[in-house]
Every structure is written in structure tokens, then in C-alpha cells.
Amino acid sequence: MESIQNDQSALRQATISPAIFYWGTPVVLITTQNPDGTSNIAPMSSAWWLGNRCMLGLGAISQSTVNLIRTKQCVLNLASDNMTSAVNALARTTGSPEILTAEPEEGYKYFKRMNGYEYVPDKFGRAGLTPLNSDLVAPARIAECPAQMEAELIGVYEMMQDAGTKGFIALEVKVLRTHVHEGIRMKGFENRIDPDKWQPMIMSFQELYGLKGKKVTESVLAEISEEEYRGFSNAADVEEI
Ligand SMILES: Cc1cc2nc3c(=O)[nH]c(=O)nc-3n(C[C@H](O)[C@H](O)[C@H](O)COP(=O)(O)O)c2cc1C
């Protein structure tokens, strides 16, 4: 602390208006069941944990959200930092064909169309991932993910009700069963993960990191300029320099 205080330049402040606030959270590959019985996969990272619950922040028009609200089931498959090719293959894809014809007044749907999202019905094939049957829910687990949590939907909260930017939802899910690779278990314990062995992929401002302090690869999502998200957050006082 003392050394920080001595270095005055480290404490110099600025007020800024970020277009996105993705400070760094683990990448979850959420699987849900499509109406035709196949499983959809979507990468997402607005996820945090409390007890056996997880809160998920998702766009209302995402196929994953539509599936989750209809079936009340999902699997939260956690990506490790060596799964970059699968995550990038799934970035800017959707299981919803409607983005192909989205009109300007259709918010996030139109954002996706304008930012190069593709309709991909077979996400497992696209990402080269392997489906595994779940025990308690219908959506498939992803074999390559070191942790897979079968979960059920408990609550739905519509976010941004105060703003014009409707269409973002917080979903509370309850973990029903957890499957892990043997390689991340803590030796000598039945029910513990060894954090020295678990290497989560972290998304920070659209870029993909591990816990090793540097980018693990170039991120396909980050090809979208942060300013494209401005309409979903707050106006900037100052134009981009
Ligand atoms: C690494 C990564 C993290 C993402 N995080 C989120 C997120 O937290 N919430 C969200 O709504 N979309 C997120 N996205 C975008 C979704 O993947 C995107 O909306 C996708 O079209 C959803 O697929 P679906 O329509 O088949 O459900 C993320 C994408 C990537 C690549």
C-alpha cells in the first residue's frame, strides 16, 4: 500500500463512460434444449454464483433464453482456458434464425445482424464439441468442459426496466448436479475442486484470458467495437479520441 501511495501517478483519477462493463468473469457454455429436441450452446460470461444458485445475464431474444424460459432447464458448462477454438467458433453465432431478417427497431437482434452474427443450428458440430447425456435435465452436457452443472430455472427478472433498452434478463438457476473432470479434483476430498488445477477462461472486455495474466488468443467477439454496445449502456460525455 505504501509503495502505491508513494507513486502518485498510480492514483491519478479520470472519469470515463465505458460502453461495456465486462470487468472479467468466467466463460460459461450454456446448453439448452431447442424445440426440435437438439441442444443449443451459447458462450456467455455475465454469470455469478451464490450458494447453489447462479445468476445469468442474457439477451431476451437469444435462443438460449427462449429455450431456458420454455423448458426451465439448462447445463452450465465451464470453459477452461485451453478451449479458445471452441469459444471463438461459437462467438457471433445464434441458434435463432430470426436475426437473419432483423429490422433496425429490433434492438439486440438487429445489433447481431449488423455485427456479423450467423445462424448456426448445429452448435456442437460448429465448435467440434462432444455432447454427453445429462442425468436430470434434457440439454446435453459438453464433454470437453472440465465442469458441467445441470440446473433448473428458479426466477426471472427483467433488467433495465428504467431505460429504453429493454430486452436483457437476469435468470436465477439452481444447480442440481455437478460433474467434473477427475483432473480438477482436490486430492483427498470427495467434493472439492483444486483451484491450482482449475484453469477457467475469463472474458474481460470481450477479450479471452486465463488466470496467467495474458490473452490466451485473439477473441472473435472482440472484433465488435466496444462502441457498438453504447446504446445498451450509457451515453458518452466525450466522443472517442
Ligand atoms: C465469450 C463470450 C461471452 C458472452 N457473454 C454473453 C453474456 O454474458 N450474455 C449474453 O447475452 N450474451 C453473451 N455473449 C453473446 C452470446 O453468445 C450471443 O448472444 C449468442 O448469439 C447467443 O446464442 P443463442 O442465440 O443461440 O442463444 C457472449 C459471447 C461470447 C463469445
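Model, not experiment: these values are computed from the prediction. (Residues numbered from 1 in each chain as written. Predicted model: local features only at pLDDT ≥ 70, side-chain atom pairs only at ≥ 80, totals over all residues.)

**What to know about the overall build of the protein chain**
Inference 1: Check the secondary structure of the protein chain and you find five helices and 14 strands.
Inference 2: Taken over the C-alpha trace, the protein chain has a radius of gyration of 19 Å; the compact-globule value for 241 residues is 18 Å, and the two agree within 12%.
Inference 3: By its C-alpha atoms, the protein chain is 55 × 50 × 30 Å across when sized along the principal axes.
Inference 4: Looking at the protein chain residue by residue over its 241 residues, the buried ones come to 32%.
Inference 5: Pairs at least 24 residues apart make up 61% of the contacts formed inside the protein chain by residues separated by at least 6 positions. (Helix = DSSP H or I, 4+ residues; strand = E, 2+ residues; numbered from the N terminus. Rg over C-alpha atoms; globule rule 2.2 N^0.38 Å. Buried ≥ 20, exposed ≤ 12 C-beta atoms within 10 Å, placed from the backbone. Contact = placed C-beta atoms within 7 Å.)

**Let's talk about the sheet that holds strand β13 (residues 202-204)**
Inference 1: With antiparallel pairing, the three strands of this open sheet are ordered in space as β1-β13-β14. The open sheet has two edge strands, β1 (25-26) and β14 (207-209), and neither has a second partner.
Inference 2: By the bridge criterion, three bridges tie β13 to β14 in an arrangement that is antiparallel. Residue pairing in the sheet places isoleucine 202 in a bridge with tyrosine 209 of β14. (Pairing = 2+ DSSP bridges.)

**Quick look at the site of the ligand**
Inference 1: Taken together, 21 residues lie near the ligand, and Ala42, Ser46, Ser64, Thr94 and Gly95 sit nearest.
Inference 2: Put simply, the parts of the chain that give the shell around the ligand at least two residues each are β3 (39-44), β5 (53-59) and α2 (63-71).
Inference 3: Examining the composition of the shell around the ligand, we find that four residues originate from one element, β3, more than from any other. (Near = placed C-beta within 6 Å.)

**What to know about the environment of aspartate 122**
Inference 1: Following the sequence through the fold, aspartate 122 ends up in the loop between β8 (118-119) and α5 (123-127).
Inference 2: Taking the C-alpha atoms as reference points, aspartate 122 and isoleucine 41, 81 residues apart in sequence, are found 8.7 Å from one another.

**Describing the sheet that holds strand β11 (residues 147-158)**
Inference 1: Within the open sheet, the seven strands sit side by side as β3-β2-β6-β11-β12-β5-β4. Their pairing is antiparallel. Edge positions in the sheet fall to β3 and β4 (47-50), since each of these pairs with one other strand and no more. Neighbouring strand axes in the sheet, compared pairwise and without regard to direction, differ in orientation by 30° on average.
Inference 2: Relative to strand β6 (residues 73-78), strand β2 (residues 28-33) runs antiparallel, the two sharing four bridges. (Axes fitted to C-alpha atoms, helices over the stretch in contact; angles between N-to-C directions.)

**Remarks on the environment of asparagine 82**
Inference 1: Looking at the element boundaries, asparagine 82 is found in the loop between β6 and α3 (84-90).
Inference 2: Taking the C-alpha atoms as reference, asparagine 82 lies 14 Å from glycine 213; in sequence the two are 131 residues apart.

**Some details on unusual backbone geometry**
Inference 1: The phi torsion at lysine 72 lies on the positive side, around 65°, for a residue other than glycine.
Inference 2: Unlike most non-glycine residues, methionine 160 shows phi in positive territory, near 60°.
Inference 3: Mapped onto the fold, methionine 160 is located in the loop between β11 and β12 (168-180).
Inference 4: Taking the C-beta count within 10 Å as the criterion, methionine 160 has 13 such neighbours and is therefore assigned partly exposed.

**Digging into the nonpolar core**
General note: in soluble globular proteins, nonpolar side chains tend to be found buried as a group.
Inference 1: Judged by nonpolar contacts, the single largest core of 37 residues is most densely connected at Leu29, Cys74, Leu76, Ala79, Val87, Ala151 and Met201.
Inference 2: If sequence neighbours within four positions are ignored, alanine 151 has contacts with Cys54, Cys74, Val75, Leu76, Val173, Lys174, Val175 and Leu176. (Core = buried A, V, L, I, M, F, W, Y, C linked by C-beta atoms within 7 Å.)

**Observations regarding the UniProt feature "domain: Flavin reductase like" (unreviewed entry) in the protein chain**
Inference 1: The UniProt record annotates "domain: Flavin reductase like" (unreviewed entry) at residues 25-177.
Inference 2: From the first C-alpha to the last, residues 25-177 spans 22 Å; its make-up is 19% helix and 40% strand. (UniProt positions renumbered as here; feature names shortened; annotations may be inferred.)

**What to know about helix α4 (residues 107-114)**
Residues three or four positions apart in an α-helix share a direction because the helix packs 3.6 residues into each turn.
Inference 1: Among all positions in α4, only Tyr108, Lys109 and Lys112 are buried. Seen end-on, α4 carries its buried residues on one side only, within an arc spanning 105°.
Inference 2: The inward-facing, buried residues of α4 abut β5 and β7 (93-94).
Inference 3: At the C-terminal side of α4, glycine 116 shows a positive phi close to 80°. (Arc of directions from axis to C-beta.)

**Structural notes on the pairing of β3**
Inference 1: Within β3, five of the six residues are buried, which leaves the element mostly enclosed by the surrounding structure.
Inference 2: Of the pairings in the sheet, the one linking β2 to β3 comprises six bridges and is antiparallel in character. Looking at the pairing, threonine 31 lines up with isoleucine 41 of β3.
Inference 3: Connecting β2 to the antiparallel partner β3 that follows it, the hairpin turn spans five residues, and glycine 37 within it adopts a positive phi of roughly 90°.

**Description of the environment of proline 104**
Inference 1: Residue placement: proline 104 occurs in the loop between β7 and α4.
Inference 2: A sequence separation of 86 residues divides proline 104 from proline 18, and the C-alpha atoms of the two residues are 23 Å apart.

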